[in-house]
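These are the residues of each chain, in order.
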Amino acid sequence: MDTVHLEKDFQEKIDQEIKIEPKDFMPDAYRKTLVRQISQHAHSEIVGMLPESNWIGRAPSLRRKLGLLAKVQDEAGHGLYLYSACETLGVDRESLIEQLHEGKAKYSSIFNYPTLTWADIGAIGWLVDGAAIMNQVPLCRCSYGPYSRAMIRICKEESFHQRQGFEILLTLSRGSEEQKEMLQDSVNRWWWPSLMMFGPHDKDSPHTAKSMKWKIKRFSNDELRQKFVDVIAEQIKILGITLPDPDLSWNEERGHYDFGPINWDEFWDVVGGNGPCNKQRMHDRVTAHERGAWVRDAAIAHAEKRATRKAISKAS
Amino acid sequence: MKKDWPLWEVFIRSKKGLHHRHVGSLHAADEKMAIENARDVYTRRNEGVSIWVVESKHITASNPEEMDSLFEPATDKVYRHPTFYNLPDELKHM
Ligand SMILES: [Fe+2]
Ligand SMILES: [Fe+2]
């Protein structure tokens, strides 16, 4: 079959909600889009462990420490599911990691903000994982089989992340004046970056149309962002604090909350490498990888030695 | 030395009495590490009672382009299904 026919067949499968699997025909641009999106997503899970790990050793109780440890461990798992999904598209793990370390691949810019107080761990769980869940649930129905299956696993695990975050904030909201201030300050700092996690406005997002046609994406950036605002604006009432947006108000006509303008200059600045922690994150990531090199090499050497020994004893 | 750990496919039996099912893949230096990594990556919440791992390179897969011809022999054999046989309604338990 020629390419025109193959591409027509491919789009027909997608329109009928038939999943595309690794060995099926797919247009080059579809493959490229997926590699970019899935690897970016995998990198985000891995880099996302860094700001939270900052508080594992300083968690206020054993209960909190166990919860946070389990969450961070999950994020490592999410990174691994996604790297595996990406590898089914014909890229090997080593080059994916190289792209991250050489700054050629992006990760979610939210992880370039610092975790200054314990409240930040709560705010991350509630807002950052919350925004991630909003983005990820529709990806469970993504047209590419391995990505969709990885997302189903991930979404099952995410809900505990958001709940543990909210519980941390709820506890602070019932605490001392100082704790309440810490809570408000943290939400003030994480709110806008969380809204930026949904990406540029639809009119500035040139890839959206294609991703929707391929059913990689099901909702646009602005649709998801609005859904998120509507949910959070209600949930925050339980915490007895406010979101740092004077324009936030319920719009009866639209049936949605209106909200103020997002500072896109800040967003592009952080994406471009100038966020408060970009350099530190990359430095920590690269250092960890380099320090682990001898372990990876030793494990291979050990496996090879055992295999040779086995072969010799079989031969004799 | 720079060598990637080989890729393994992971199969998990979620409960006694059920089949092992493919759940995903991972990298590991050898089979022992593959089992341990599979435990940590795929069964953090009691999702399994048994794990199989097999190096991906040992799996032979059918070619999706030949799907139609490969499965063609079964497509016209309706008589392999119970509903093909016409029996009276009075006949019970069959
Ligand atoms: Fe995650
Ligand atoms: Fe998470």
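In this text, all values refer to a predicted model and were calculated from it rather than measured experimentally.

### Brief notes about the packing of helix H6 (residues 119-136) of chain A against helix H8 (residues 177-196) of chain A
Residues and elements named next belong to chain A.
Here's step 1: One way to put it is that H6 packs onto H8 with a least axis distance of 9 Å and a crossing angle of 30°. Considering the angle they form, H6 stands roughly parallel to H8. Judged by the twist between their axes, the crossing of H6 over H8 is right-handed. Where H6 abuts H8, its residues Ala119, Asp120, Ala123, Ile124, Trp126, Leu127, Val128 and Ala131 lie against Met182, Leu183, Ser186, Val187, Arg189, Trp190, Trp191 and Ser194.

### A word on a nonpolar patch on the surface
Here's step 1: On the surface, Val78(B), Tyr79(B), Phe84(B), Tyr85(B), Leu87(B), Leu91(B) and Met94(B) cluster together into a nonpolar patch covering about 770 Å² of accessible area.
Here's step 2: Taking the relative accessible area as the measure of exposure, Leu91(B) reaches 39% and is therefore partly exposed.

### Topic: the coordination of the iron ion (ligand 1)
All names here are of chain A.
Here's step 1: At the metal site, the iron ion (ligand 1) is ligated by Glu45 (OE), Glu75 (OE), His78 (ND1) and Glu158 (OE), and these contacts range over 2.1 to 2.3 Å.
Here's step 2: Each of the four donor atoms bound to the iron ion (ligand 1) contributes to angles spanning 82 to 163°, and the resulting shape is irregular.
Here's step 3: Expressed as a motif, the donor residue spacing for the iron ion (ligand 1) is E-x29-E-x2-H-x79-E.
Here's step 4: Between the iron ion (ligand 1) and the iron ion (ligand 2), a separation of 3.3 Å is found, and both are coordinated by Glu75. Placement of Glu45 in helix H2 (residues 28-47) and of Glu75 in helix H4 (residues 62-87) is noted, with a sequence separation of 30 residues between them. Comparing Glu45 with Glu75 shows no difference in burial state: the two are buried.

### Things to note about empty space enclosed by the protein
Residue and element names in this part refer to chain A.
Here's step 1: Under the defined criterion, the tally for this structure stands at one cavity of 30 Å³ or more.
Here's step 2: Around the largest cavity, the lining residues are Lys13, Ile14, Glu17, Ile18, Lys19, Ser143, Lys215 and Arg218.
Here's step 3: Residue composition of the lining of the largest cavity, grouped by class: two nonpolar, one polar and five charged.

### Observations concerning the interface of chain B and chain A
By a widespread convention, an interface's size corresponds to the accessible area lost as its parts come together.
Here's step 1: Residue-level contacts link 22 residues of chain B with 26 residues of chain A.
Here's step 2: Counting each side, the surface lost to burial between chain B and chain A is near 2100 Å², with a carbon and sulfur contribution of 49%.
Here's step 3: The tally of links between chain B and chain A comes to five salt bridges.
Here's step 4: When the shortest N-O distance is used, the salt bridge between Asp74(A) and Arg44(B) registers 2.8 Å.
Here's step 5: At the junction of chain B with chain A, the criterion picks out 10 residue pairs in polar contact (both at pLDDT 80 or more).
Here's step 6: For the side of chain B that touches chain A, the secondary-structure elements that each account for two or more residues are strand E2 (20-27) and helix H1 (31-42) of chain B.
Here's step 7: Residue classes in the side of chain B that touches chain A are distributed as 12 nonpolar, two polar and eight charged.

Scoring rules and cut-offs
- Residues numbered from 1 in each chain as written.
- Chains lettered and ligands numbered in written order.
- Predicted model: local features only at pLDDT ≥ 70, side-chain atom pairs only at ≥ 80, totals over all residues.
- Heavy atoms only, no water.
- Axes fitted to C-alpha atoms, helices over the stretch in contact; angles between N-to-C directions.
- Helix = DSSP H or I, 4+ residues; strand = E, 2+ residues; numbered from the N terminus.
- Parallel < 35°, antiparallel > 145°, perpendicular 65-115°, else oblique.
- Left-handed = near helix turned anticlockwise from the far one by under 90°.
- Contact = heavy atoms within 4.5 Å.
- Patch = residues over 30% accessible without salt bridge, like charges linked within 9 Å, V, L, I, M, F, W, Y side chains within 5 Å.
- Areas by Shrake-Rupley, 256 points an atom, 1.4 Å probe, with all protein chains shown as cover.
- Salt bridge = Lys/Arg side-chain N within 4 Å of Asp/Glu carboxyl O.
- Buried < 20%, exposed > 50% of the residue type's maximum accessible area, 1.4 Å probe, protein only.
- Donors = N, O, S within 2.8 Å, 3.2 Å for Na, K, Ca; no water.
- Tetrahedral: all angles 85-135°; square planar, octahedral: opposite > 155°, others 65-115°.
- 1 Å grid on protein atoms, 1.4 Å probe; cavity = no way out; pocket = protein on both sides within 12 Å on 5 of 7 lines; lining within 4 Å.
- Points joined across faces, edges and corners; volume = space filled by probe spheres on them.
- Nonpolar A, V, L, I, M, F, W, Y, C, P; charged D, E, K, R; others polar.
- Buried area = accessible area lost by both parts, 1.4 Å probe.
- Polar contact = N/O pair within 3.5 Å; in protein donor to acceptor, adjacent residues only side chain to side chain.

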